[in-house]
Amino acid sequence: EREAEILRLVAAGSTDREIADALVVSVRTIESHVASILRKLGARNRTEAAARYQADATKSQRRRASD
């Protein structure tokens, strides 16, 4: 759940510092989560992870609209 929340914030363009402040954790904690997210997604960087998140969100919206 936490990584999903962090990925959403990354996709929204938030920096590690902004995410850390919003979630009241250290920047290092966010860096660790982001590294884990990138590894799980097989993404090379934050931009690629954000693009995948946006694509998945769009697919989900389309599925809900067609139901």
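The coordinates are above.
Everything in this summary refers to the structure shown in the same document. Each chain has its residues counted from 1, following the order in which its sequence is written. In keeping with the predicted nature of the model, local features appear solely for residues at pLDDT of at least 70, side-chain atom pairs appear and are counted solely at 80 or more, and the whole-chain, interface and lining totals rest on all residues. Excluding hydrogens and water, the side-chain figures rest on all heavy atoms present in the structure.

Each axis is a line fitted through C-alpha atoms, and for a helix only the stretch in contact is used; angles between axes span 0 to 180 degrees, taken between their N-to-C directions. By the criteria applied, helices consist of DSSP H or I runs no shorter than four residues and strands consist of E runs no shorter than two, each listed in order from the N terminus. Where helix 1 (residues 2-11) contacts helix 3 (residues 27-41), the axes come no closer than 10 Å and their chain directions differ by 90 degrees. Between helix 1 and helix 3, the interaxial angle falls into the category roughly perpendicular. Contacts between helix 1 and helix 3 involve R2, E3, I6, L7 and V10 from the former and I30, H33, V34, S36, I37, K40 and L41 from the latter. When residues are grouped by polarity, Ala, Val, Leu, Ile, Met, Phe, Trp, Tyr, Cys and Pro land in nonpolar, Asp, Glu, Lys and Arg in charged, and all others, Gly among them, in polar. Partitioning the contact of helix 1 with helix 3 into residue classes produces seven nonpolar, two polar and three charged. Roughly parallel refers to an angle under 35 degrees, roughly antiparallel to one over 145, roughly perpendicular to one between 65 and 115, and oblique to any angle outside these ranges. Here, residues are in contact when the closest pair of their heavy atoms is within 4.5 Å.

The next thing to look at is the nonpolar core. In plain words, nonpolar cores are sets of buried Ala, Val, Leu, Ile, Met, Phe, Trp, Tyr and Cys residues tied together by side-chain atoms within 4.5 Å. Summary of the burial criterion: residues with accessible area below 20% of their type's maximum are buried, those above 50% are exposed, and those between are partly exposed, where the area comes from a 1.4 Å probe applied to protein chains only. Formed by 14 residues in total, the largest nonpolar core has its most connected members in I6, I19, L23, I30 and V34. Those elements giving two or more residues to this core turn out to be helix 1, helix 2 (16-23) and helix 3. Take this core: its biggest share by element is five residues, from helix 3. When sequence neighbours within four positions are dropped, the list of residues in contact with I30 reads I6, D16, I19, A20, L23 and V25.

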